[in-house]
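# Close look at the chain arrangement
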Amino acid sequence: MNVSVNDGPSGDIQTGKTVSDALSELGIAGQDILAAKVDGAVVDLSRPLCGSPVVEPLRFDRAEGREVYRHSSTHIMAQAVKELFPTAQLTIGPALEDSFYYDFAFERPFTPEDLERIEERAAEIIKRNLTITRREFSKQDAIDFFRARGERYKVELIQGFPDGEPITAYAQGDFVDLCRGPHLPTTGSVGTIKLLNTAGAYWRGDERNPMLQRIYGTSFPTRAEVDAYLARLEEIKRRDHRKVGKELDLISIQDEIGPGLVLWHPKGAAVRLAIENFWREQHIRDGYELVYSPHTARLDLWKTSGHLDYYRENMFPSMKLEGSEYQLKPMNCPYHIMIYQSHLRSYRDLPIRYGELGTVYRYERTGVLHGLMRVRGFTQDDAHLFCRPDQMEHEVSRVLDFTFFVLQTFGFHQFEVFLSTRPKESVGGDEHWTLATSALEAALKSRNISFHLDPGGGAFYGPKIDIKIKDALGRSWQCSTVQVDFNNPERFELSYIGEDGKAHRPIMIHRALMGSIERFFGILIEHYGGAFPTWLAPVQAVVMNITDRQQDYVAAVVTQLKTAGFRAETDLRNEKIGFKIREAEKAKIPFMLVAGNREMQDGTLSVRGRSGSNLGNKTVAEVLDLLQAEVKYTQRELQHTH
RNA sequence: GCUGGCGUAGCUCAAUCGGCAGAGCAGCGGUUUUGUAAACCGCAGGUUGGAGGUUCGAUUCCUCUCGCCAGCUCCA
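Residues numbered from 1 in each chain as written. Chains lettered and ligands numbered in written order. Predicted model: local features only at pLDDT ≥ 70, side-chain atom pairs only at ≥ 80, totals over all residues. Heavy atoms only, no water.

## Comments concerning the sheet that holds strand E11 (residues 192-202)
Strand-to-strand pairing in sheets goes through backbone hydrogen bonds, with the strands running parallel or antiparallel. Strands sit in the order E6-E7-E12-E11 across an open sheet of 4 strands; the sheet is antiparallel. With one partner strand each, in any of the chains shown, strand E6 (89-90) and E11 form the two edges of the open sheet. Here strand E7 (residues 100-105) runs beside strand E12 (residues 211-220); their pairing, made up of 5 bridges, is antiparallel. Note that in E12 the partner of Tyr-101 across the bridge is Tyr-216. (Pairing = 2+ DSSP bridges. Helix = DSSP H or I, 4+ residues; strand = E, 2+ residues; numbered from the N terminus.)

## Section: the pairing of strand E1 (residues 2-5)
Only one face of E1 is buried, namely the one carrying Val-3 and Val-5, since none of Asn-2 and Ser-4 on the opposite face is buried. Where E1 folds back on strand E2 (residues 10-12), the antiparallel hairpin that results is connected by 4 residues, among which Asp-7 adopts a positive phi of roughly 55°. (Buried < 20%, exposed > 50% of the residue type's maximum accessible area, 1.4 Å probe, protein only.)

## Concerning the nonpolar core
Judged by nonpolar contacts, the single largest core of 81 residues is most densely connected at Phe-410, Ile-465 and Leu-561. Residue contributions to this core peak at 9 residues, all from helix H12 (residues 392-409). Dropping the residues within four chain positions of it, Phe-410 is found in contact with Ile-275, Phe-278, Met-514, Phe-520, Leu-524, His-527, Tyr-528, Trp-535 and Leu-536. Of all hydrophobic cores here, the second largest spans 38 residues; its members include Met-77, Phe-106, Tyr-170 and Leu-195. (Core = buried A, V, L, I, M, F, W, Y, C linked by side-chain atoms within 4.5 Å. Contact = heavy atoms within 4.5 Å.)

## A closer look at the packing of aromatic side chains
Within this structure, the stated rule accounts for 27 aromatic pairs. Summarising the aromatic geometry, the rings of Phe-104 and Phe-110 are spaced 5.9 Å apart at their centres and angled 80° between planes, so their arrangement reads as edge-to-face. Here Phe-404 and Phe-415 contribute two aromatic rings whose centre-to-centre distance is 4.9 Å and whose plane-to-plane angle is 70°, an arrangement assigned as edge-to-face. Here Phe-404 is found in helix H12, whereas its partner Phe-415 is found in strand E21 (residues 414-420), with 11 residues between them in sequence. By relative accessible area, Phe-404 is classed as buried at 14%. Members of the aromatic cluster, joined through ring pairs, are Phe-278, Tyr-288, Phe-402, Phe-405, Phe-410, Phe-412, Phe-520 and Trp-535. Stacked on the ring of Tyr-340, the Lys or Arg Arg-345 has its end atom at 5.3 Å from the ring centre. (Phe/Tyr/Trp six-rings, centres within 6.5 Å; stacked < 30°, edge-to-face > 60°. Lys NZ or Arg CZ within 6 Å of the ring centre and 35° of its normal.)

## A look at the protein's contact with RNA strand B
The immediate surroundings of RNA strand B are formed by 48 residues, with Thr-366, Arg-374, Gln-478, Asn-574 and Ser-606 found nearest. In RNA strand B, the atoms that sit within 4 Å of the protein are 48% sugar and phosphate, with bases accounting for the remainder. For RNA strand B, a phosphate oxygen lies 2.4 Å from a polar atom in the side chain of Thr-366. Gly-367 is positioned such that a nitrogen or oxygen atom in its backbone is 3.3 Å from a base nitrogen of RNA strand B. Residue assignment for the surface near RNA strand B shows that the elements contributing at least two residues are E11, E12, helix H7 (241-247), helix H17 (577-586), helix H18 (597-602) and strand E31 (604-609). Counting residues per element, the surface near RNA strand B draws most heavily on H17, which supplies 6 residues. Among the residues forming the surface near RNA strand B, the class breakdown is 16 nonpolar, 14 polar and 18 charged. (Near = heavy atom within 4 Å. Polar contact = N/O pair within 3.5 Å; in protein donor to acceptor, adjacent residues only side chain to side chain. Nonpolar A, V, L, I, M, F, W, Y, C, P; charged D, E, K, R; others polar.)

## Details of the packing of helix H8 (residues 266-285) against helix H15 (residues 517-528)
The geometry of a pair of packed helices is captured by two quantities: the angle between their axes and the separation between those axes. Two numbers describe how H8 lies on H15: the axes approach to 11 Å, and their chain directions differ by 110°. Regarding the angle of H8 to H15, the classification is roughly perpendicular. Packed against H8, whose contacting residues are Gly-268, Val-271, Arg-272, Ile-275 and Glu-276, the element H15 presents Ile-517, Glu-518, Phe-521 and Leu-524 at the interface. (Axes fitted to C-alpha atoms, helices over the stretch in contact; angles between N-to-C directions. Parallel < 35°, antiparallel > 145°, perpendicular 65-115°, else oblique.)

## Focus: H15
If you check H15, its first and last C-alpha atoms are 16 Å apart, about what 12 residues at 1.5 Å a residue would give, namely 16 Å. Counting buried residues along H15, 10 of its 12 residues qualify, which places the element largely inside the surrounding structure. The complete set of buried residues in H15 reads Ile-517, Glu-518, Phe-520, Phe-521, Gly-522, Ile-523, Leu-524, Ile-525, Glu-526 and His-527. Its side-chain oxygen at 3.2 Å from the backbone nitrogen of Glu-518, Ser-516 defines the N-terminal cap of H15. With its phi angle positive at about 55°, Gly-529 sits one or two positions after the end of H15. (Expected span 1.5 Å × (residues − 1).)

Structure representation (structure tokens):
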């Protein structure tokens, strides 16, 4: 048979030879080959070849290679656990992006000491360099085999598999695990396994099922790579917005006020104000009209909107007042709809775009609250567009352009886009869903945006596009969302008068760019590690005197900076300049302006940038120019036009 | 909500196998007038998350409760 290697040699190889034999006959060999893609499917190196396959060796530098590597790592860890704790039952153990886990049914949680022993044993199993072999079973044989080994959960899994298809397991030494594979050729192919932590996890992710003991770990070819990974985890901890938010005195969440309810301290509020000002300016430029709405409304409104039926578990309980029930708002849409409905609308009026920084309250279970990322009261940068069906695709495209512009201004440049389709619990006819979904898809395609499909991930009222941003540490965060809604116009009987003089139903589009200001702020804190770009920094410049004699001069300079619109502060404390610099560095203030006698005499300031850069002496006018140049989002806004 | 862990001064952390709760930083008062990441001296700071219980005595042990953390589930 003719075997060809992707971007490599090809040659005639005897049919039935394994992938690794074929590769080595073609002059491609090496311990670093983990698995291979054969005609697009990832397989074991021991897989026999037939036909005229295209083979692509997979190493650790490829995501598919890493997945196989980590997957085999979980088996090694599971083997170590079984050797040390024979009563532990196997369940499942997948690879994650940079790590892996394995869930065990065990009578008690694993302790840190257990983890150390398991890690040592895993290292030993790597050293044993056991061959990993694939075995096929019929369904009944597989059930009998795992039942005989006492692996109750494995038996349950197999029973759920379709009949008639072969079931595979992988063996290394005495250890056999039900697994689709593929796997590394030997346990010795793994470099270092490092166990990270333990946690409880429900069997099959269902809270009604028993709690299993999960062990997280990671593995890399070299110790140095493990160390780099651990260093990255440390960096993530160092940038944690809860820690930085406290250190920089940005926000607090206090017991007395309630979980998930955020206090914005003056410095955090200054950043928020900069965000909001930018947001409002840009929305007005982009053809939105800004509105405000109250935090509560009669329960009937939420009945009409369907939230009471479909969203109740996320809502605060209602309150009674003067014989009516009122509901704290979990969303802004009904209010915007009511504004739309306050007039008779013409087709000429559309599209109508209402934007609001609307604060909503949602009930979240205590266990899911997390700093600013998941709270109970938060402000959405919400907007609702009302348009004709023929305008829908164009409006969605505009929203996409606007979204990427805004996110880029905040310093995010990598995105993942998802198109989510109809979920099980949903309202509206099929034709509506199909129309809306294809409009979203068309808009994405018109902007050449590549996206993933998330089947069943839509809102109950319509399909949506979600945009996840990648932060400086490569983590993904869900922020932006664009959702088509055929349902609310129906429920509220929205209409506009068309060219034909008859009433027509408008289409509604919900969208948010940042999602929630709280979460977005948390992401910004971690993205910048608290060192915000100048346009967002709570204090943009601090002016400090060296001795008492420069007090008046410093105060005058700060007045000038403030008058020019900058957030500037004095530091006139009776402290040494080194101490003041240290404090300003810790506060991550972008510019430190020092005035001693020399500066006072020639009307200058000694300019120190964040993290020690010396920008020399500048006049006050030059400092103003410098700050102006730094606050450059206003320049970027010129690039955004429709 | 579930499993496990944790709540000590404004912050970061000690200590008490049940016997007067202690440091650094921050704060306040002095001294010092300072040149780019920490000057010196002093003072003050606490119902040890909250409520019960056991005990001569509880911050420590027990029960409940509130909150936080790591996950699970869910999500902006």
